[in-house]
Structure formats: structure tokens, C-alpha cells
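# Descriptive analysis of the structure
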Amino acid sequence: MKKVLLKGPLLTRSGYGEQARFALRCLQSRPDLFEIYIQPINWGTTSWVGDLGGEREWIDSRIEATIQYLQQGGTFDISLQVTIPNEWENLAAINIGYTAGIETTKVAHQWIEKGNLMDNIIVVSHHSKDVYENTVYQAVNNQTGEQLELKLTTPVAAVGYPTKEYENVEVDLKLDTDFNFLCVAQWCARKNLGTTIERFIQEFHDEDVGLVLKSNLAKNCLIDREVLYGTLQGLTRQYPDRKCKIYLLHGDMTDAEMHALYVHPKIDAFYSIPHGEGFGLPFFEAAYSGLPVVTVGWSGQRDYLYDKKGAAHFYEIAYDLGAVQDEVVWDGVLVKESMWSFGRVGSTKSALRACYKDFTSSKKKKYIKKAQEYAAELKERFSAENMYAKFVTELIEDHEAEEDVAIEELPKISLITSVYKAEKHIEQLMEDVTRQTIFKEKCEWIILNADPAGDDYDEKIILKYVDKYPGNIVYKRLSEDPGIYDTWNMAIKMSTGDYLTNVNCDDRRAPWAIEKQAKLLVTNPDVALVYNDSYVTGESNVMWENVPAQCTRYEFEQYSKEAMLRGNLPHNNPMWRKGLHDTYGYFNQEYPSAGDWEFWLRCSFGGEKFKKHPEILGIYHFNPTGISTNPETDAWKKKQERAIFKKYQTLYLQPGSSPC
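A few points on the structure. (Residues numbered from 1 in each chain as written. Predicted model: local features only at pLDDT ≥ 70, side-chain atom pairs only at ≥ 80, totals over all residues. Heavy atoms only, no water.)

### Here we look at the overall build of the protein chain
Helix and strand counts for the protein chain come out as 21 helices and 25 strands. Principal axes of the C-alpha set define a box for the protein chain whose edges measure 100 × 50 × 45 Å. Buried positions account for 58% of the 660 residues belonging to the protein chain. In the protein chain, the share of contacts with a sequence separation of at least 24, taken over all contacts with a separation of at least 6, comes to 75%. Per element, the accessible surface of the protein chain, about 28,100 Å² overall, is 49% carbon and sulfur. (Helix = DSSP H or I, 4+ residues; strand = E, 2+ residues; numbered from the N terminus. Buried < 20%, exposed > 50% of the residue type's maximum accessible area, 1.4 Å probe, protein only. Contact = heavy atoms within 4.5 Å. Areas by Shrake-Rupley, 256 points an atom, 1.4 Å probe, with all protein chains shown as cover.)

Pasting the structure below:
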């Protein structure tokens, strides 16, 4: 069972609050898989929900349990963070970001940077998924200062919301107009309510038609209502002779009372022309309640207002894409260079008129039946059972397959180590590796001592373990030091395993690290190399069980060629298929500080796929006197790295060419 931390505004009356409550219910649907912990957060200035029935009592109990668990130093297997990506952080072994807020044509670069730190991302619509995946910025390589592309490399899945069933409750709407549209939205620039209302008035100025507006500015308090009412008066004062009416609904309503609006006998259609929606819950509830919908066919609502064949089941308002207004630009969230939709004036009025005519005509029953038939289709397609299952699959799909692999199914794994004056680390290194969960059953460890003139301390310790594990450890002392990469190459040629991993003298691993890496390669036959995040420590000889609670983490992006150009993703403890060396050769000693990065780029640009393991599996010792970390060698290291970058940047800009 996985310990899951759900962090989000699940007690707020907001779209993200509803999203967080959906995530909670998905987790609750599988008590056999998840032990749930909860960290609630605010959502702007929105109100908190009043009554969630027994669910609220359960949530409160889990919040208290989470506080106690954290005070005791507890950790989590998975974090599920329901908020905008700017606020995502590494809180668990596996971190999943879950967001709704992509209403434009481009996400902020901060969302890409934060997204690439996540193991998986879930969004609420295919619009959100497409925009997140297709946004590209120019970035700077941290090692070389060169320009390259910044884009999302973390996998993204789109999972919508489920339909709901409610008990019938009555809401007394004192409406004296014959036909009434409903609009549910917060008063803000994105929802475009001023324009929505004006076009309604202009079209039905002299007719007995109403618009029921359920809205607020931020909270459901009396002051909020008075300010909003004044805003509406200022807008409608421009039309003193109008016959159509605007009805304002304000204040707290339960979910059942809100649903009652969508099925109310005096509500005939749903109408809104927002600039963009992450998903558009009010549109969704209207559609699966059998209400005709009048809106633009852009952004999140496309997932359910069009059927699987692409046919529209709503009154479409034509639109143009235009730049987001200056007053809504929000640093790190809504970027100035992005666009969203602007419904056309004539098309808005035509769609409103068409809906009104259809549902007041002699053929009204035919249109009602058609809307109800599509509502039934949506209820089946977006049933709670289907959506919970889909969401849970996205949480665990990549991580559960490994657990089904028996140790007997794993191939032989060759560990390679170059030893040079390692007396400070050697004994603990030997202990750390030999306690790996599959060391005796599946590993051979080839240790080459590249210090022919040194003392015998390292050798004495190594030979002690050779005696203990004679079938697993191969040891040889070299007559000269060929450099670390040529030493690795010699060890690779001596190896007999199908998988390879390097073991550095001053780095450590989780006791199960080699087993988990090997299982990921077994379950992903198209993957050539697996890598992972590591803890970083300035102190040497820190074993896994002694890692400090607040230890810094080396956070690597999900794999892509672009990400490989930005930095050496495999870093200090990858595992790869030995067959790579048959195809791409060996490590190049001409790059004594970055020969591994050059080889991984060679493989990457040859078409090989790498994959990041979702768990932290290593401990990287930041040694200030090491080849790759010593500031005294910084100049020639950067020169090497720049040469490697330029070589593969050229290949990146010329698809089809090969480094081999």
C-alpha cells in the first residue's frame, strides 16, 4: 500500500477545490492501494466550503493524522499536488502534479521548469495537455551558457471529471420571464461576464427572456454581493428600456442546490462566452443534465461538447484568438505572449437566437430529446467509475509493473568500478554494494584498481570481500592508470552481464536501487538506460539509512534529446544495456570530466530512449576535490563541455545526421 500525500485546496469553494475533491475520491476508490494523507491549502481569496457531510469529518481526521505523521518524521511514497505548477515541489519518492489552469495558447516557462521536476503530470483536458506539451522557450545550458530549447519532457495525461448524481432539492427561483438562460461563473476577466451579459441584452432587448447569473467576485459574503450588484447596475443602466431581465444569484449553495439550477423547470439553456477554460465544470454539468449549451468551441469544454466522432452537441459561437489583455497578465501564470478566444459578436447573437428558436418552437420536444440522449452518453462516458479508474491508472501505471517482475526474471547485471586511492571510502563502499537486494543472485562486480604504485590498503579490503563473495567479485590491479573512462571500458569488455552500471567509490545507493533499475529495464524493452534522482551530501560515507531528513536532492528532468543537451541526466549511477557498446562504441577518454555525458549523447542522438525512475535511488557525494567538482579544473572542464555541446547541438539542428 502506497502512502499518498494529497496537497490541494480541497476545502475551498473553487474550481481547484472541486478538482482536489475529485482527486481525493479517486484515491478513496482504491483503499487497497492508497493510504491517504492530506495537506489543505488556500485558493486565493475564495470561500471555504461549509458542509461536505461525513466527508468533511473524514478529511479533518486525515489532516490531523498527517500533522502527527509529519511530526514523527514520516515520509510519503507519492505526492499528488493539486495546484498551479509554480507551487509544485518534491515532497515524496514519486511526485505528481495535477493542474487545471491552462486556458491560453502558451504556458509560462516556470510551468515547464517545475513540470520537468515532476515524475508525472495530470491535466483536466486535452486542450491543457496539448498546450503544455507544445510550449517551447529558448533556454540556456547551465554548463556551457549556450542557447537551446526549453520544453516539457515529463509525461502528461488528460483526465476529465466524472458526472455526479444528486438528491432532488428545490430552489425557489422567482422568475417571471418565459425563457431563461443560466450562466455560472466567477466575475473575473477570464470569464468575460461583462461581454456575456451585454450581448445577451443586445439580442433580447425587447423580448421576455431572462439570464440567471450565479456569480461572485471572490467570496459569498454580503459585501461581495453588494459590490457585484453595483457592478451589474452600472452595466445594465446603459439599457434603460430593455424588456429582458438579469437575475443575480449570490451566496453559498450546496452542490445539490447548484445542480438543481441545471435541472430547474424554469431554466431552458446554458450560456457563457469565457476567453478560456481548463475544463469548464458548469458547461459539463449543464451538458450531462440535458441543458442545451451556447458557447465557444475552444479550450477545455471541447472534450465533452464534441462527441467521439467530432460532432458538436452545442450551439457554437465562432471566435478569434487574440492576445490576453494587459490587465490579466500574471507573472509566472498568464504570459503576455499567449492568446485566448474572443467570441465574435454576430456569431454570439446568432447562436443565442438559434437556441431560443429551437427550444420555443413546435419542435421543442425533439431538441429536448436530443439533448437528453447526449446527456445519457456523457453520463456513461464520464461515469465516476470510469474516471476514477482512469485517474488511478495514471497514478500507478508506470510504477506497478516493476513489482510484478520476479528476481528470477532479471538478467545478469555487471557492476564496474575504478579504484584509485579510495582508502577513505573503500570499506563502506564494499559493504554498501554487497548488501544490494539482488547482489548474490544477479550481480557480478568488476573492480579494477588503477593505482599500481599505491599502498595495499584498498586491495586488502577488496580481497576480504572477494573471499566472502568469490562468485560475484572479479578484482584486478592494473600496471598503469589509463584514466577513469578507459578503466571503465576495460571493465565493460571483461563483463558478462546484459545490464551495466558504474559504481563510484564515494557514492552510495538505496539497498534496493539495482533491483529497481533492472526491473524498469525489463518492463520497458524499448528503453536503453534508466537513471534517477539522488540525494546530495557534502559529507562522505553517508549510508542510505543515515541520509538527513532535509537533504538536498539532485533533480533531473524527464528524458528528451533537448534535456540531454541541457545536462547529463544519467549522472552518477545509471544502468544501461550492454548492447549499447556494440552499436556506439565506448567512453571517450579525450573528455576526462565529461566522457559519460558525451557517450550518452552519442546514444541519444542515435535514437536510443532513456527513462527516469520515479524514486530517489542514489546518494551523490559532492567532493570538492573531484575531477568534475574541483574549481581549480573548472576552465578546462567547461571547454570540454562546450565542445561536446556544440557537436551535438549541430546534430540537433540537422535531423537525420548521426554522431557515429
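### Observations concerning helix α1 (residues 15-28)
The end-to-end C-alpha separation of α1 is 20 Å, in line with the 20 Å expected for 14 residues at 1.5 Å each. Taking burial as the measure, the 14 residues of α1 include 12 buried ones, the bulk of the element. Residues of α1 that are buried include every one of Tyr16, Gly17, Glu18, Gln19, Ala20, Arg21, Phe22, Ala23, Leu24, Arg25, Cys26 and Leu27, and no others. (Expected span 1.5 Å × (residues − 1).)

### Points about the sheet that holds strand β11 (residues 245-249)
Strand-to-strand pairing in sheets goes through backbone hydrogen bonds, with the strands running parallel or antiparallel. A sheet is described by the order of its strands in space; here 6 strands give the open sequence β11-β10-β9-β12-β13-β14, paired in parallel fashion. Two strands close off the open sheet at either side, each with one partner strand: β11 and β14 (315-317). If you compare each strand with its neighbour and ignore which way they point, the axes differ by 25° on average. As paired elements, strand β12 (residues 269-271) and strand β13 (residues 293-296) share 2 bridges and run parallel to each other. Across the sheet, Tyr271 pairs through a bridge with Val294, a residue of β13. Contacting β9 (179-184), β10 (209-214), β11 and β12, helix α5 (residues 193-203) crosses the sheet at an angle of about 170° to β10. (Pairing = 2+ DSSP bridges. Axes fitted to C-alpha atoms, helices over the stretch in contact; angles between N-to-C directions.)

### Quick look at the sheet that holds strand β3 (residues 78-82)
Taken in spatial order, the 6 strands line up as β2-β1-β3-β4-β5-β8 in an open sheet, and their pairing is parallel. The open sheet has two free edges, formed respectively by β2 (34-40) and β8 (156-158), since each of these has just one partner strand. Neighbour to neighbour, the strand axes of the sheet diverge by 20° on average, direction disregarded. As paired strands, strand β5 (residues 120-123) and β8 are joined by 3 bridges and run parallel to one another. Each residue of the ladder has a partner; that of Val123, found in β8, is Ala158.

### Considerations on a negative patch on the surface
A cluster of like negative charges, contributed by Asp404, Glu408, Glu409 and Glu441, occupies part of the molecular surface. Topologically, Glu408 is positioned in the loop between α12 (384-400) and β17 (413-419). (Patch = residues over 30% accessible without salt bridge, like charges linked within 9 Å, V, L, I, M, F, W, Y side chains within 5 Å. Salt bridge = Lys/Arg side-chain N within 4 Å of Asp/Glu carboxyl O. Lys, Arg positive; Asp, Glu negative; His and termini not counted. Charge placed at Lys NZ, Arg CZ, Asp CG, Glu CD.)

### Notes on the side chain of Asn180
For Asn180, the position within the fold is in strand β9. Its relative accessible area of 1% is what places Asn180 among the buried residues. Engagement of the side chain of Asn180 in a polar contact is seen with the side chain of Thr177, the distance being 2.5 Å. Leave out the neighbours within four places in its chain, and Asn180 touches Leu175, Gly210, Val212, Tyr247, Lys266, Ile267, Asp268 and Ala269. (Polar contact = N/O pair within 3.5 Å; in protein donor to acceptor, adjacent residues only side chain to side chain.)

### Side note on unusual backbone geometry
Located in the positive-phi region is Asn541, a residue other than glycine, with phi close to 60°. Residue classification places Asn541 among the partly exposed residues on the basis of a relative accessible area of 26%. With phi around 55°, His571 is a residue other than glycine that occupies positive phi space. In this fold, His571 is placed in the loop between α18 (561-566) and β24 (575-577). The class of His571 is buried, set by a relative accessible area of 18%.

### A few points about helix α16 (residues 484-494)
Among all positions in α16, only Tyr485, Thr487, Trp488, Asn489, Ala491 and Ile492 are buried. In this fold, the buried residues of α16 make contact with β17, β18 (443-449), β20 (499-502), β24, α19 (579-584) and α20 (595-605).

### Considering the packing of aromatic side chains
Counting across every chain of the model gives 44 aromatic pairs. Relative to Tyr469, the ring of Phe439 has its centre 5.4 Å away and its plane inclined at 90°; by these criteria the two rings are edge-to-face. Here Phe439 is found in helix α14 (residues 439-442), whereas its partner Tyr469 is found in the loop between α15 (457-468) and β19 (473-477), with 30 residues between them in sequence. Relative accessible area serves as the criterion here: at 0%, Phe439 is assigned to the buried category. Of the residues examined, Tyr469 reaches a relative accessible area of 13% and is grouped as buried. (Phe/Tyr/Trp six-rings, centres within 6.5 Å; stacked < 30°, edge-to-face > 60°.)

### Topic: the pattern of salt bridges
Summed over the entire model, instances satisfying the criterion amount to 36 salt bridges. The partner of Arg56 in a salt bridge is Asp60, and the shortest N-O contact between them spans 3.1 Å. Placement of the pair is Arg56 and Asp60 together in helix α2 (residues 54-71), with a separation of 4 residues, close to one helical turn. We note a salt bridge from Lys151 to Glu562, for which the minimum N-O separation is 3.9 Å. Residue Lys151 is found in strand β7 (residues 147-151), and its partner Glu562 is found in helix α18; the two are separated by 411 residues along the sequence. Residue Glu562 is classed as buried on the basis of its relative accessible area, which comes to 11%. When salt bridges with common partners are traced through the structure, they connect Glu18, Arg21, Arg25, Glu55 and Lys164 into a single cluster.

### Some details on the packing of α1 against α2
At a minimum axis distance of 13 Å, the contact between α1 and α2 shows a crossing angle of 80°. Accordingly, the angle class assigned to the pair α1 and α2 is roughly perpendicular. Taking contact as the criterion, the partners of Leu24, Arg25 and Gln28 in α1 are, on α2, Glu55, Trp58 and Ile59. Residues of the contact of α1 with α2, tallied by class, amount to 3 nonpolar, 1 polar and 2 charged. (Parallel < 35°, antiparallel > 145°, perpendicular 65-115°, else oblique. Nonpolar A, V, L, I, M, F, W, Y, C, P; charged D, E, K, R; others polar.)

### Concerning the packing of α5 against helix α6 (residues 222-236)
Contact pair α5 / α6: the axes reach a minimum separation of 11 Å and the direction vectors enclose 40°. Regarding the angle of α5 to α6, the classification is oblique. Where α5 crosses over α6, the two elements pack in a sense that is right-handed. Across the interface between the two elements, Gly194, Ile197, Glu198 and Ile201 of α5 pack against Leu232, Leu235 and Thr236 of α6. Residues that form the contact of α5 with α6 fall into these classes: 4 nonpolar, 2 polar and 1 charged. (Left-handed = near helix turned anticlockwise from the far one by under 90°.)

### Considerations on the nonpolar core
Within the largest apolar cluster, 89 residues are counted, with the highest numbers of intra-cluster contacts made by Leu80, Tyr98 and Phe391. It is α1 that provides the largest number of residues to this core, a total of 7 residues. Setting aside anything within four residues of it in sequence, one finds Leu80 in contact with Val4, Leu5, Leu6, Lys7, Ala23, Leu27, Ile96, Tyr98, Phe391 and Leu395. Residues Ile446, Tyr559, Leu601 and Ile644 belong to the second largest nonpolar core, which totals 37 residues. (Core = buried A, V, L, I, M, F, W, Y, C linked by side-chain atoms within 4.5 Å.)

Don't take any of this as a statement about function, it's just geometry.
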